[in-house]
Structures are given as structure tokens and as C-alpha cells.
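The residues making up each chain are set out below.
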Amino acid sequence: MKAKFEDGCGPSIGARGSGVGNLSIPRQAKMKLLSFLFLASMVARSSQLTCLSDLRRPEPTDISVECGTSSMSLAIQICPVIYTGYNESLLILNHMFDKPECKGTLDESASPPVVRFTFPLNMTNACGSTFLTTSAAGTGIFADFSNIQTVNISGVVRSHDPTTGVVTYNAELKYYYSCAYPLEYLINNTQVDVSASSIAVRDNNGSFISTLSMELFSDDQYTNPLIIPSLGLELRTDVYVQVQAANLTDQYHVLLDRCYASISPHPTNSTFFNLFVSCSRDQMTTMKENGDSHNARFSFPAFRFVEQQNETVSTYYLHCITRLCEISTCNDFKQCNNRRKRDVSSTGISEATTLSSAIPIVTRNGNCKYGSADSSSDSESRMGLGIAVGILTLAVIVIGAAAVVLYKRTTHF
């Protein structure tokens with residue numbers, strides 16, 4: 001859809017205003033003329049404040065859209081609006097006439113000057129924006145999931161013509177905006193694509209990925225950060241994982257679809273181990289909370305990769321594919337029959353190259369050296385044997401001496 005503008009749109013500033021008091025002018029014509037003069041005076045005041053040589057007809061590049069993580073922002077160039085016959089107070093966001101927080105604010109410090117609209121991403125308070133969630137089969141790194149959702153947030157800024165009467169000479173302005181937010185992420189993929197917008201229709205891409213973070217803890221209350229010693233964690237040490245969304249609108253919860261460990265921080269062609277995939281969970285993994293709030297939590301005992309058995313420690317990295325689900329649909333995604341199952345030992349998403357955990361997990365390899373202990377035992381054994389032999393020799397000598405003394409006494413008598 002594109003905005004339509006009539007030829008010669010917008011009155012010339014300072015249009016004829018004399019003759020208002022001429023009694024020969026019909027009453028209806030007087031009312032039209034008064035309305036026109038009132039609008040022209042408003043526009044003239046705005047143009048003196050903000051526009052000198054920038055008055056022109058509207059163009060498709062006059063609006064820009066910023067798709068933030070907690071709010072959306074629109075910026076509309078004011079000079080084409082003034083040229084068309086309006087000012088900043090006559091641009092209305094989604095028919096929100098009675099909400100001051102939804103009105104535009106003139107920013108004369110910008111070059112060229114703009115009218116700014118900013119509103120939160122919340123279904124109950126988004127200044128009339130429309131939320132539409134769509135689903136499609138996953139592709140690329142999400143190809144293993146049959147239902148990937150995207151929420152589209154859209155609306156329109158329209159001009160309000162205060163002219164009374166049957167006709168008007170002011171063109172209607174319509175600025176359509178749209179932001180599309182995917183609701184499935186590979187944690188720490190921080191790429192955000194933002195492009196410009198137009199006066200007619202602008203579809204923009206936003207991302208909630210910057211609100212997501214992963215942390216490792218040492219306790220089941222998730223209060224003490226996990227500190228990994230230089231020699232690595234002891235095998236079977238419990239590792240508590242939390243994926244959290246900060247500053248996220250209340251209508252979404254965090255749902256983990258898959259978490260896995262890989263030897264390489266970039267798991268392309270890397271050995272990996274699935275902690276869980278959808279409903280398939282390793283028997284040692286414990287899920288504490290998933291899809292119920294802005295936190296998703298699980299734990300697993302520290303393990304080591306067999307192929308690192310000849311190394312002093314086993315080092316690996318943790319990755320999670322994370323979904324943001326609307327509260328009303330989270331339970332649907334928890335049902336196994338709504339998501340594609342995959343065996344825990346099957347092939348992983350080798351093309352994913354983004355590091356998830358901020359620090360690698362390091363475990364001791366579990367090998368023990370017995371050389372020192374054996375040497376000590378041998379020394380102690382030899383010492384004990386020497387003492388025993390000495391005592392036995394002494395006993396033989398004493399018995400022999402006693403026998404000689406007894407023999408001499410016997411022969412004397």
C-alpha cells in the first residue's frame with residue numbers, strides 16, 4: 001500500500017484571508033474560509049519555528065521506524081507535513097486522540113526536524129498497535145522445529161483535518177509502520193537488522209535477542225555464580241543453568257527448545273551432546289522451569305567428553321535454542337505432538353556458529369596417579385620386614401647363648 005497525494009496538495013502559506021467581514025459572502029463560505037485561515041495560521045506558526053527552505057511534498061522516505069526490544073519509535077519529517085497543511089498536533093497515532101502519551105513530540109534539534117512517537121511493546125498499552133502472531137515451518141538452524149512463530153506489530157499515523165464543511169483541500173496523510181519480531185533464537189546471536197521506512201508502508205525487523213542472557217550457577221537457588229577452578233570441576237558436580245529475559249514485555253515467556261554441549265565454541269563439525277531436545281531429555285538432566293516466566297532453568301551433572309580422555313581437563317561449551325512464546329501459547333509448545341521430535345543421539349545443528357555460554361565448562365578428566373602411593377607402601381613394607389628379621393635374629397642369638405650356658409653347667413656337674 002502506498003500513500004496517495006492529490007496534485008497540488010497543501011495550501012500555500014498565507015493564502016487569501018481578506019474579505020471575511022464582507023457581508024456579500026454566504027455564511028457557509030465564511031465558515032469554510034475561517035476554518036482555512038485557522039489551519040493556515042497554525043501551519044504558518046509551525047513553519048516559522050521548524051522549516052525555512054525544507055517545505056516540500058511528502059516522499060516515501062519521510063518516516064523511519066526503530067524496532068526496539070521494549071518499545072517502538074517512529075520519526076516523521078515535519079516539513080512535508082506542514083507543506084501538506086498540517087502540523088505535529090494534527091498527526092494522530094492509531095486514532096488515539098485522548099491519550100497524551102500517544103501524541104507526537106516535535107524535535108527541532110534533528111536535521112531535518114521530525115515528529116517522534118514512542119510507545120511500549122505491550123498488548124495492553126501499545127497506543128492502538130495491532131499484534132499478529134504467525135507460524136511457519138522452521139528453516140536453517142531451526143529446521144528441526146515444525147512451528148516457528150513471528151509477531152508482527154503494526155499501525156498507522158494519520159493526519160487529522162480540522163476543516164469543517166463538505167469538502168477540504170488538504171490531502172490525507174497516512175504513515176503505515178510494521179515491525180516483525182521472530183520468537184525463536186540461538187542465544188547470543190546479537191545480529192539485529194534495521195532498515196529505513198517510507199510514508200506508505202514500512203516493514204521492519206526487530207529482535208529480542210539482546211534481552212536474553214545465559215548464566216551458570218552452583219546452587220539450586222540460582223544465586224551463586226559458578227566458579228570453575230583452574231583444574232576444572234569435579235565430575236558429577238551439579239551445574240545450574242539459567243536463561244533469562246530482561247526488560248521483556250510481560251506477554252512473553254522464555255521456552256528452551258534445545259540445549260546441548262559441544263567441544264568447539266563454534267559447533268560446526270564438532271562433537272556435541274544433547275542435554276535435551278524438545279521432550280527428549282537426557283536422563284541426567286533435570287528441568288526446573290521452562291516456559292513459565294522470564295526465566296528458564298535446568299541442571300545437569302558435570303561430565304567429560306571421551307575424546308578428550310588424554311587431556312588434563314575436558315573443556316566444552318553450552319548452547320541453547322530459545323523460544324519466546326506468548327503466555328496463551330506456551331502450553332501448546334510444551335506438548336510433544338506440536339513440535340518435531342528428534343532422538344537425543346541424532347545429528348545436531350552443525351551450521352550454528354554462535355557461542356552460547358560466556359565461559360567454557362572445564363571438568364577434571366578423573367585419572368589418578370598411584371606411583372607415589374605404591375612407592376611409599378613398598379618402603380614401609382621393606383622397613384617392616386627388616387625389623388621382623390632383626391628381631392628374629394636377636395631371638396636366635398639369645399636362645400643360642402642360653403643353650404651354651406646350660407650345656408656348660410650340665411657338663412660341670
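One structure accompanies this document, and this report is about it. (Residues numbered from 1 in each chain as written. Predicted model: local features only at pLDDT ≥ 70, side-chain atom pairs only at ≥ 80, totals over all residues. Heavy atoms only, no water.)

Observations concerning the sheet that holds strand 1 (residues 63-67)
(1) Moving on: What the four strands build is an open sheet, ordered 1-2-5-4; its pairing is antiparallel. Sheet topology places strand 1 and strand 4 (105-107) at the edges, where each strand pairs with a single neighbour. Ignoring strand direction, the axes of neighbouring strands in this sheet form an average angle of 25 degrees.
(2) Moving on: Where strand 1 lies against strand 2 (residues 71-77), five bridges are found, and the strand directions are antiparallel. Bridged to Ser64 within strand 2 is Ala75. (Pairing = 2+ DSSP bridges. Helix = DSSP H or I, 4+ residues; strand = E, 2+ residues; numbered from the N terminus. Axes fitted to C-alpha atoms, helices over the stretch in contact; angles between N-to-C directions.)

A word on a nonpolar patch on the surface
(1) Moving on: A cluster of nonpolar side chains, namely Val166, Val167 and Tyr169, defines an oily patch on the protein surface of about 380 Å² accessible area.
(2) Moving on: By the secondary structure assignment, Val166 is in the loop between strand 7 (148-159) and strand 8 (174-182). (Patch = residues over 30% accessible without salt bridge, like charges linked within 9 Å, V, L, I, M, F, W, Y side chains within 5 Å. Areas by Shrake-Rupley, 256 points an atom, 1.4 Å probe, with all protein chains shown as cover. Salt bridge = Lys/Arg side-chain N within 4 Å of Asp/Glu carboxyl O.)

Digging into unusual backbone geometry
Backbone phi values are negative for most residues with the exception of glycine, while trans is the configuration of most peptide bonds.
(1) Moving on: Here the amide bond leading from Ser111 into Pro112 is cis, since omega sits at 0 degrees, within 30 degrees of zero.
(2) Moving on: Tracing the sequence through the fold places Pro112 in the loop between strand 4 and strand 5 (114-120).
(3) Moving on: Positive phi outside glycine occurs at Arg236, with the angle close to 75 degrees.

Quick notes on the nonpolar core
Where a protein is soluble and globular, its nonpolar side chains tend to be buried together.
(1) Moving on: Counting 65 residues, the largest nonpolar core has Met72, Tyr181, Phe208, Val239, Phe298, Phe300 and Leu324 as its most contacted members.
(2) Moving on: If one sorts the elements of this core by residue count, strand 13 (residues 252-262) sits on top with five residues.
(3) Moving on: Apart from the residues lying within four places of it in its own chain, the contact partners of Phe300 are Thr237, Asp238, Val239, Val241, Leu275, Met284, Thr285, Tyr316, Leu318 and Ile361. (Core = buried A, V, L, I, M, F, W, Y, C linked by side-chain atoms within 4.5 Å. Buried < 20%, exposed > 50% of the residue type's maximum accessible area, 1.4 Å probe, protein only. Contact = heavy atoms within 4.5 Å.)

Notes on the side chain of Glu184
(1) Moving on: When you line up the elements, Glu184 lands in strand 9 (residues 184-186).
(2) Moving on: The class of Glu184 is buried, set by a relative accessible area of 3%.
(3) Moving on: A polar contact is formed between the side chain of Glu184 and the side chain of Arg323, at a distance of 3.2 Å. (Polar contact = N/O pair within 3.5 Å; in protein donor to acceptor, adjacent residues only side chain to side chain.)

Observations concerning the pattern of salt bridges
(1) Moving on: One pass over the full model with this rule turns up seven salt bridges.
(2) Moving on: Between Glu59 and Arg56 there is a salt bridge, with the nearest N and O atoms lying 3.9 Å from each other.
(3) Moving on: Arg56 is the partner of Asp62 in a salt bridge, and the nearest nitrogen-oxygen pair spans 2.7 Å.
(4) Moving on: We classify Asp62 as buried; its relative accessible area is 1%.

So, the sheet that holds strand 12 (residues 238-245)
(1) Moving on: Strand order in the open sheet formed by four strands is 11-12-17-16, with antiparallel pairing between adjacent strands. Looking at strand neighbours, the two that pair on one side only are strand 11 (212-217) and strand 16 (286-289), the edges of this open sheet. Averaged over all adjacent pairs, the angle separating strand axes in this sheet is 20 degrees, with direction ignored.
(2) Moving on: Alignment of strand 16 against strand 17 (residues 295-301), held across three bridges, turns out to be antiparallel.

Function-wise, these values are silent; they only describe arrangement.
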